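An overview of the molecular structure
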Amino acid sequence: MRNFAIICDATCDLGEELRKEYDIRVIAGHVKLPDGSEKKTMPGWNDFTKEEFYAELKAAPNSFTTSPANVAEFSEAFEAIVKEGLDVLCMTISSGISGAFSFASEAAKLIANKYPEAKIVCVDSLRFGPGFGLMAIRASSLRAEGKSLSEAAAWLEENKNRYHQAGWLDDLSFVAKKGRLTHAKAFFGTLAGVKPIGEFDYNGLTTVIGKVKGAKTAYATLLDYIEKTGEDLSNQTVFIAQTNRQKEAEEYKRLIEEKFHPKAVIIKDVYPLCAINIGPGLMAAYYAGKPISADLSAERKILEDFAGGTKK
């Protein structure tokens, strides 16, 4: 059995330290800037300062665009790994958001034809950002446990729908401007104090499953939601993603640690490739748990039941 490398597109949002710790390789994506220039970018703040990036993004959200690595770039990355004598597990951002999975799959066929002894498996994470990053870390753990490439890929395919998002976006109007939500839905994100609660759907997109008024109620709602959807939380690493919401993320971390005692709770920045399409105002936890229902009805009911209980 040949050992295998794990390579993800840059929307996994794993910074250099985590990539080194879990031996995960990343292929750069592309960011087009307001001045018309384009940069290849990795997860991190190597090309921008965080403060300047968010100030520019808020001022001109449609002046930034992103694109994944292309077929040639995936092919080059795969070939380099194969030449090391390794097989390849490639993970990409959700195909519901990006063409990365299609490009990686095409590149895998090209390299497999050139190197018949090599095995390249591509997995559509159906996630993005920290949710995707947690899946990549799990793949690394499976490899460390001695699982084969096929076994690791099969586990990911079977369990990808167990990776949750529990958090809010202060202003959905930004996401609507990027074409990810209707303006009717975005309206609810602009009301003072309203926190739209989001979860991953079956396409890996964030869907609003409820709305609550005020941060205190939102935290309580989210903790109840995590309790009812999470599994074996004490043995997990939980990511908290934030885009210019560090104070809120630190409070969320404290509450999660107090209630669930996970192995670790890591507050993570959302880097430009994802942040360009999310905007400022995200504060969300990512963790593994029960399978998400196909229509999110079960998840909506959890919020409705909690809201009903708090009103009694």
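The present account deals with the structure reproduced in this document. (Residues numbered from 1 in each chain as written. Predicted model: local features only at pLDDT ≥ 70, side-chain atom pairs only at ≥ 80, totals over all residues. Heavy atoms only, no water.)

Focus: the overall build of the protein
Along its length, the protein carries 12 helices and 13 strands. The C-alpha radius of gyration computed for the protein amounts to 19 Å, which stays within 12% of the reference 20 Å derived for 312 residues, consistent with globular compactness. Overall, the protein is about 65 × 45 × 30 Å in size when its C-alpha atoms are taken along their principal axes. Residues counted as buried form 54% of the 312 residues belonging to the protein. Pairs at least 24 residues apart make up 76% of the contacts formed inside the protein by residues separated by at least 6 positions. Here the protein displays about 13800 Å² of accessible surface, and carbon together with sulfur accounts for 52% of that area. Where the 40 positive side-chain charges of the protein centre and where its 42 negative ones centre are 4 Å apart. (Helix = DSSP H or I, 4+ residues; strand = E, 2+ residues; numbered from the N terminus. Rg over C-alpha atoms; globule rule 2.2 N^0.38 Å. Buried < 20%, exposed > 50% of the residue type's maximum accessible area, 1.4 Å probe, protein only. Contact = heavy atoms within 4.5 Å. Areas by Shrake-Rupley, 256 points an atom, 1.4 Å probe, with all protein chains shown as cover. Lys, Arg positive; Asp, Glu negative; His and termini not counted. Charge placed at Lys NZ, Arg CZ, Asp CG, Glu CD.)

What about the pattern of salt bridges?
Note that side chains of opposite charge can pair when their charged atoms are close. Counted by the stated rule, this structure contains 14 salt bridges. Residues Glu145 and Arg138 are paired through a salt bridge, measuring 3.5 Å at the closest nitrogen-oxygen approach. Residue Arg138 is classed as partly exposed on the basis of its relative accessible area of 26%. Residue Glu258 pairs with Arg254 through a salt bridge whose shortest N-O separation is 2.8 Å. Taken as a pair, Glu258 and Arg254 lie in helix H10 (residues 246–260) at a separation of four residues, close to a single helical turn. Here the salt bridges share partners, and the residues they tie into one network are Glu251, Arg254 and Glu258. (Salt bridge = Lys/Arg side-chain N within 4 Å of Asp/Glu carboxyl O.)

Here's the deal with the sheet that holds strand E6 (residues 87–92)
An order of E2-E1-E6-E7 is seen for the four strands of this open sheet, with the pairing classed as parallel. The open sheet is flanked by strand E2 (24–27) and strand E7 (120–124), the only strands paired with a single partner. Averaged over all neighbouring strand pairs, the angle between strand axes comes to 25 degrees, with direction disregarded. Where strand E1 (residues 4–9) lies against E2, four bridges are found, and the strand directions are parallel. Among the inter-strand pairings, Ile6 is bridged to a residue of E2, identified as Ile24. (Pairing = 2+ DSSP bridges. Axes fitted to C-alpha atoms, helices over the stretch in contact; angles between N-to-C directions.)

Section: the side chain of His30
The residue His30 is located in strand E3 (residues 29–32) in this model. A polar side-chain atom of His30 sits 2.9 Å from a polar atom in the side chain of Glu73. The residues contacting His30, other than those within four sequence positions of it, are Glu38, Lys39, Lys40, Thr65, Thr66, Ser67, Pro68, Ala69, Glu73 and Leu273. (Polar contact = N/O pair within 3.5 Å; in protein donor to acceptor, adjacent residues only side chain to side chain.)

Examining the pairing of strand E4 (residues 38–41)
Sheet topology note: the E3/E4 ladder contains four bridges and is antiparallel. Among the inter-strand pairings, Val31 is bridged to a residue of E4, identified as Lys39. Between E3 and E4, which pair antiparallel one after the other, the connecting turn spans five residues, and Gly36 there sits at a positive phi close to 95 degrees.

Brief notes about helix H3 (residues 71–82)
For H3, spanning 12 residues, the distance from its first C-alpha to its last is 16 Å, which sits close to the expected 16 Å at 1.5 Å a residue. When you tally the buried positions in H3, you get nine out of 12 residues, the bulk of the element. Turning to H3, its buried residues number three or more, namely Val71, Glu73, Phe74, Ser75, Ala77, Phe78, Glu79, Ile81 and Val82. In this structure Asn70 caps H3, since a side-chain oxygen of it lies 3.2 Å from the backbone nitrogen of Ala72. (Expected span 1.5 Å × (residues − 1).)

Describing the sheet that holds strand E5 (residues 65–67)
Pairing within the open sheet is antiparallel, and its three strands lie in the order E4-E3-E5. Among the strands making up the open sheet, the edge pair consists of E4 and E5. On average, each strand axis in the sheet is inclined to that of its neighbour by 25 degrees, with strand direction left out of account.

Let's talk about the packing of aromatic side chains
Two measures describe an aromatic ring pair: the distance that separates the ring centres and the angle between the ring planes. Within this structure, the stated rule accounts for 10 aromatic pairs. Residues Phe128 and Phe200 carry aromatic rings whose centres are separated by 5.4 Å and whose planes lie at 85 degrees to one another, so their mutual orientation is edge-to-face. Here Phe200 lies in strand E9 (residues 194–200) and Phe128 lies in the loop between E7 and helix H5 (129–144), a separation of 72 residues in the sequence. Of the two residues, Phe128 and Phe200, both sit in the buried class. The interplanar angle of 45 degrees and the centroid separation of 5.9 Å between the aromatic rings of Phe200 and Tyr286 together place this pair among those described as tilted. One end of the pair, Phe200, is in strand E9; the other, Tyr286, is in strand E13 (residues 282–288), with 86 residues separating them in the sequence. Sitting above the plane of the Phe4 ring, Arg143 keeps its charged end 5.8 Å from the centroid. (Phe/Tyr/Trp six-rings, centres within 6.5 Å; stacked < 30°, edge-to-face > 60°. Lys NZ or Arg CZ within 6 Å of the ring centre and 35° of its normal.)

None of this, on its own, says anything about what the molecule does.
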